[in-house]
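What follows is each chain in one-letter form.
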Amino acid sequence: MYQYAHGGDIYSDPSLTRNKKLLDYSANINPMGIPAGVRKALIASVSGCVHYPDPFCRELRHGLGEYYSVPESMIYCGNGAADVLFRIMAAIQPKRTLVLAPTFADYEKAALTVGSRMDYFTLREENEFSVTDDILKAITKRTQMVVLCNPNNPTGKLMEKDLLLSVLKHCEGLHIPLLVDECFMDFIEDEKKFSLTDHLSEHPGLIILKAFTKIYAIPGVRLGFCLTSDTALTDKLYASGQDWNVSVLAQAAGVAALKETEYLEESRKLISVERDYLISQLRMIGARVFEGSANYILIRSPHKYPWQEKLKKHNILIRDCSNYRGLSSGFYRLAVRTRRENRKLIKIMKELVKHDFFDYIN
C-alpha cells in the first residue's frame, strides 16, 4: 500500500480533523495564518470559478516578474511546488540525479517517475548536517541533474552562497542543470545573502523552485512556481501536463499575496525570535538540536524517546524523521509557531521528561 511520507496529515486519524485543541508542529506553515488580503482575494475570486483558469497565469506571472525583477517568460506556475518539480523532471528526463541525504523526499520520487538513477551526497551528523565543498567531487560526468534544497529540509541548514555558486559553475562546466529549491527562503531575514535569484539571467542551467504554500500559510490552495532563464524549458513545462493546473482561486491568492510586504516582515521577525526560544528550551530538556535558519528545527531525542507518540496524546503533532534517507529512529522535526503555542509544547515536553522519560529508559 502506498505510504504518505510527509507531515501535516490530519486526515488519517478522523479525530484530528475535529480536534480544536490540535497543534500541528508536523507541517512547516507560517503560524501567522493566511494574510487578510489573501483571504479577501480568495472569497472575491469564487464567482470567477465558473470560468476555466488562465492557463498561462498571466496576471500572477506579471506580479512575480515585478517582484523578482525578471521577465515573465522566466516564470512557470503550478499546483504547488511539488507539481512544478514533477513537471521539471518530466521535461528534463535526467538519467542520473544527485540529491542530498537527508532532504525532501519528493526530489527522489519525482526523479524515479522518469526512470532516473539516484546518487546521494550524504550529510554527516558530526558536521551538523551541513553541505560541504566535498559535494563538488560527487558531481561527475555521469550526473545529469543536481537538486539542492536551501535551506534544506529537514535540517534547516543554509548553504553559503559562495559554495552554491561553485556548484553552479561546476554544473555548467559539465552541462548539468541545477535545481535549487528555495521554498523556505522566504523565512530568511537576510534572504539575498543566500538566494540565487539574482544569478538567473546569466545561468540558463539554473532553476529555482519557490512556493506560496509555506510563507503565506495556504497549503490547501496549492500554488508554486519556478524561475529559469531557459525559456525552452518553460515551454516543455507547459507541454508536460494539463493546461489548467493553477485554479482561479490559487491565482487570485498569489496576486494578493505579493502585496503582503508588511506580513512578510512580521513573519520573518516572529520566526527568528521563536526559533531561538524553541532551540534554547529544547536543549534544556535534553534534546540534541541541529540549529538551522528556517521555520522548523531538527532534533535528536536522547535514548530514542518516542516524542511523536507521546505528544500526540496531548493533541500535538510533530514530524517523525526516521523515514528520511540518512536519518534514523529518534530524529524529529518541529515547526516554529507562536510563543503561546511554543510555551504549551515545551511545558508538555518538560512534564513528559519529568514524569515519563526515566520510566521509558528504565
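The structure presented is a predicted model; accordingly, all values stated were derived computationally and were not measured. (Residues numbered from 1 in each chain as written. Predicted model: local features only at pLDDT ≥ 70, side-chain atom pairs only at ≥ 80, totals over all residues. Heavy atoms only, no water.)

Attention now moves to the sheet that holds strand E4 (residues 117-122). The 7 strands lie next to each other as E2-E8-E7-E6-E5-E3-E4, forming an open sheet whose pairing is mixed. Each of the sheet's edge strands pairs with one partner strand only, and the pair in question is strand E2 (75-78) and E4. With strand direction ignored, the average angle separating the axes of adjacent strands in the sheet is 20°. Where E2 meets strand E8 (residues 224-227), 4 bridges bridge the pair, whose relative direction is antiparallel. Looking at the pairing, Gly78 lines up with Gly224 of E8. (Pairing = 2+ DSSP bridges. Helix = DSSP H or I, 4+ residues; strand = E, 2+ residues; numbered from the N terminus. Axes fitted to C-alpha atoms, helices over the stretch in contact; angles between N-to-C directions.)

Moving on, we get to the pattern of salt bridges. On inspection of all chains with the given rule, the structure shows 17 salt bridges. In the salt-bridge network here, residues are joined through shared partners; they are Glu125, Glu128, Arg288 and Arg300. (Salt bridge = Lys/Arg side-chain N within 4 Å of Asp/Glu carboxyl O.)

Another point: a nonpolar patch on the surface. Nonpolar side chains collect at one region of the surface, where Phe358, Tyr360 and Ile361 lie side by side and expose about 280 Å² of accessible area between them. In this fold, Tyr360 is placed in helix H12 (residues 339-361). (Patch = residues over 30% accessible without salt bridge, like charges linked within 9 Å, V, L, I, M, F, W, Y side chains within 5 Å. Areas by Shrake-Rupley, 256 points an atom, 1.4 Å probe, with all protein chains shown as cover.)

This brings us to the pairing of strand E10 (residues 296-300). With respect to burial, E10 is a largely interior element, 4 of its 5 residues being buried. Inspection of the sheet shows strand E9 (residues 288-290) paired to E10 by 3 bridges, in the antiparallel sense. Residue Phe290 lies in a different strand from E10, and its bridge partner there is Leu298. Counting the residues in the hairpin turn of E9 and E10 gives 5 residues. Two strands pair when backbone bridges link them, and E10 and strand E13 (residues 331-335) are joined in this way by 5 bridges, in the antiparallel orientation. Within the sheet, the bridge partner assigned to Arg300 lies in E13 and is Phe331. (Buried < 20%, exposed > 50% of the residue type's maximum accessible area, 1.4 Å probe, protein only.)

A word on the packing of helix H10 (residues 261-284) against H12. At a minimum axis distance of 11 Å, the contact between H10 and H12 shows a crossing angle of 5°. Judged on the interaxial angle alone, H12 and H10 are roughly parallel. For the pair formed by H10 and H12, the contact residues are Val273, Glu274, Tyr277, Leu278, Gln281, Leu282 and Met284 on the first element and Arg339, Asn342, Arg343, Leu345, Ile346, Met349 and Lys350 on the second. Along the lines of polarity and charge, the residues of the contact of H10 with H12 split into 8 nonpolar, 2 polar and 4 charged. (Parallel < 35°, antiparallel > 145°, perpendicular 65-115°, else oblique. Contact = heavy atoms within 4.5 Å. Nonpolar A, V, L, I, M, F, W, Y, C, P; charged D, E, K, R; others polar.)

Let us look at empty space enclosed by the protein. Regions of empty space are outlined by a rolling probe, equal in size to a water molecule, passed over the atoms. According to the stated counting rule, one finds 1 cavity of 30 Å³ or more in the structure shown. The space that makes up the largest cavity amounts to roughly 90 Å³. Taken together, Leu64, Tyr67, Tyr68, Asp186, Lys210, Ala211, Phe212, Ile215, Tyr216, Phe225, Leu258 and Leu264 form the lining of the largest cavity. Where the lining of the largest cavity is concerned, the elements lending two or more residues are helix H3 (58-68) and strand E7 (206-211). In terms of residue count, the dominant contributor to the lining of the largest cavity is H3 (3 residues). A breakdown of the residues in the lining of the largest cavity according to their chemical character gives 10 nonpolar, no polar and 2 charged. (1 Å grid on protein atoms, 1.4 Å probe; cavity = no way out; pocket = protein on both sides within 12 Å on 5 of 7 lines; lining within 4 Å. Points joined across faces, edges and corners; volume = space filled by probe spheres on them.)

Coordinates in, geometry out; function isn't part of it.
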